[in-house]
Structure formats: C-alpha cells, structure tokens
Amino acid sequence: MPRRARTECKAATCSNAGTIECAGCEGAVPVAKYCSDACRTSDWPSHKKYCGKKAYTLDIRIVGSKKPVIKRIVDVPSWYTFEELHYVIQYAFSWENCHLHSFVFYRPRPRCRRIPAGKEIIRFLPHGKREDPWSDPDTTILKEEVATLADVYGEAGKYHSEVESRDTILPLIYLYDFGENWEHLVTFKGEKVATADRPIFSKVTGYPPPEDAGGYDWDSADDDEGDIFAKGRDPDEINPEVMNDEKRWEKRYKACSRMRL
Ligand SMILES: [Zn+2]
Ligand SMILES: [Zn+2]
C-alpha cells in the first residue's frame, strides 16, 4: 500500500485532502485530519481506540550488543498490558515466542556496570503463571496480563512511585529464553500523544539474533565482524515502515496471543 500523504483524509475509503484536524488528539504528530464531519464520524470506531490517549517511547536494546547495537525505538500504547509489551518485543526482534520470558524492574547497585544487577523492585508473572515461592518478599509481584504500562510509567500510575528514582525511571529487563538468556534493556524515554493503537517504530538498528542461535559473546568478537546476524536476512525485519504496517502487526499479535507458554 502506498504511504498516505500526511494531509490526506484519515477515513479508510476517502482520498480527499484532510482539512479538519481532530480536536481530540491535539498535539499528535501527525494529527488525524478529515475532509468532512461525515468522514470523521465514519472513522471514529477505529480512531477512538487511541484518540487523545498516550503512547510511551521506549528504547529497547539487546544487552551487550554492539557494532551495531541491536536496538529499537518504539512508541507503545500506554494502555497496553505488559503481556502486550511482551508481544511488542517479540515482534521487534523477530523472536518466535517459543521460550520462556520474564520482566523485572530493578534498582541498579551503585557503581555496578553489569546489567542487570541490583535489587528486584517489580517482577511480572507471565500470563497464567503462579508466584514463585522463592521470590524476594520485598519485590512487588504483578500479573503481566493485568498491569498496564500506564500503571507503571504514567505519573498517576498505581506503581509509578516504585519505579521512579531521582527523576528517572528504573530500568526494565526483559529476559527471553532462559537457556540462552537474551537480556533486553527497556529504557523509558518519554510520552507523547498516541497516533495509533499499535506500536510505532521510529528507529531500528541491527538484525536480531536468530532463534536458538546459542547466544553470542560480543566482548570477544572480532571488531571487524559488522552486523553479525545480517547474513541471509530479510531487510523487512529491520525496516520501520514495514514494521509499522497495521496488518503485519495484527497478524503477529494474534499469533503471539494464541501461543502462550
Ligand atoms: Zn483524535
Ligand atoms: Zn474524507
């Protein structure tokens, strides 16, 4: 599908110029525009899913990766649950959701550079999993399918005070595959007005490791190695415009939600 001009009416079946800005999502870039009230009304069932709501910009990178850092900058709907953030990360790094995962916010120890290291603050239980009897009694345990990003990142969120530390937000680690231990560092970068009810990627670098690659030791890698997982890969995997396609995302979302581990 050709990319729509920013001034085109947002209604799905209309190609007129969009001249009326949606008042509900003021400040969104791009803001939804319509050619007529009729088009605004017809688009509302889909537009209302995100109109006036917030998205959080997250920097998600594979810990240790370099030359290039395997990284995605993505706006994620604030109303997404952490289970849905799990889907976003699976999608972002072409993972196939065939291994266990976990999310943990932690408070880094002073002067400790290894990631993650420090005290567990919030741990999320994957959908349908019971609490680990050995977990630290001081750690807050939340259900991944219940807790939303706004509960944690939103200033009025129920758990916001737990992750706020000297005007910054504590790091979140997403661990995927408990055998190969791919650690993804999730850093909060800010909030904005949502422009979609799905993740929107603005920057993508580095091909992700293939599933069951066996891990990778970047520290002892040859400096001239380059993008080590690039060989034989589909450029669409790291093309933000392709990744932002609504149908592509919906297909992956459905596949992910069907195969809970
Ligand atoms: Zn709107
Ligand atoms: Zn129109």
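Procedures and definitions
- Residues numbered from 1 in each chain as written.
- Chains lettered and ligands numbered in written order.
- Predicted model: local features only at pLDDT ≥ 70, side-chain atom pairs only at ≥ 80, totals over all residues.
- Heavy atoms only, no water.
- Core = buried A, V, L, I, M, F, W, Y, C linked by side-chain atoms within 4.5 Å.
- Buried < 20%, exposed > 50% of the residue type's maximum accessible area, 1.4 Å probe, protein only.
- Helix = DSSP H or I, 4+ residues; strand = E, 2+ residues; numbered from the N terminus.
- Polar contact = N/O pair within 3.5 Å; in protein donor to acceptor, adjacent residues only side chain to side chain.
- Donors = N, O, S within 2.8 Å, 3.2 Å for Na, K, Ca; no water.
- Tetrahedral: all angles 85-135°; square planar, octahedral: opposite > 155°, others 65-115°.
- Domains from an automatic or database assignment.
- Contact = heavy atoms within 4.5 Å.
- Buried area = accessible area lost by both parts, 1.4 Å probe.

### Quick word on the nonpolar core
The biggest cluster of nonpolar side chains holds 43 residues, and the ones touching the most others in it are Phe-82, Leu-85, Phe-105, Phe-124, Tyr-153 and Leu-172. Sort the elements by how many residues they give to this core and helix H2 (residues 82-92) lands first, with seven residues. Listed in part, the 11 residues of the second largest apolar core include Cys-9, Ala-28, Tyr-34 and Cys-51.

### Some points on the side chain of Arg-72
Checked against the element boundaries, Arg-72 lands in strand S4 (residues 71-77). At a separation of 3.0 Å, a polar atom in the side chain of Arg-72 contacts the main-chain carbonyl oxygen of Gly-206.

### Details of the coordination of the zinc ion (ligand 2)
Protein coordination of the zinc ion (ligand 2) is provided by Cys-9 (SG), Cys-14 (SG), Cys-35 (SG) and Cys-39 (SG), with donor distances spanning 2.3 to 2.4 Å. Bound by four donor atoms, the zinc ion (ligand 2) shows angles of 105 to 119 degrees at the metal and therefore tetrahedral coordination geometry.

### Looking at the domain arrangement of the protein
Once the domains are mapped, the protein shows domain 1 (1-52) and domain 2 (54-212 + 235-258). Once you take the C-alpha centre of each, domain 1 and domain 2 turn out to be 30 Å apart. With 10 residues of domain 1 at the contact, the number on the domain 2 side is eight residues. Between domain 1 and domain 2 the total buried area reaches about 710 Å² when both faces are included, carbon and sulfur atoms providing 63% of it.

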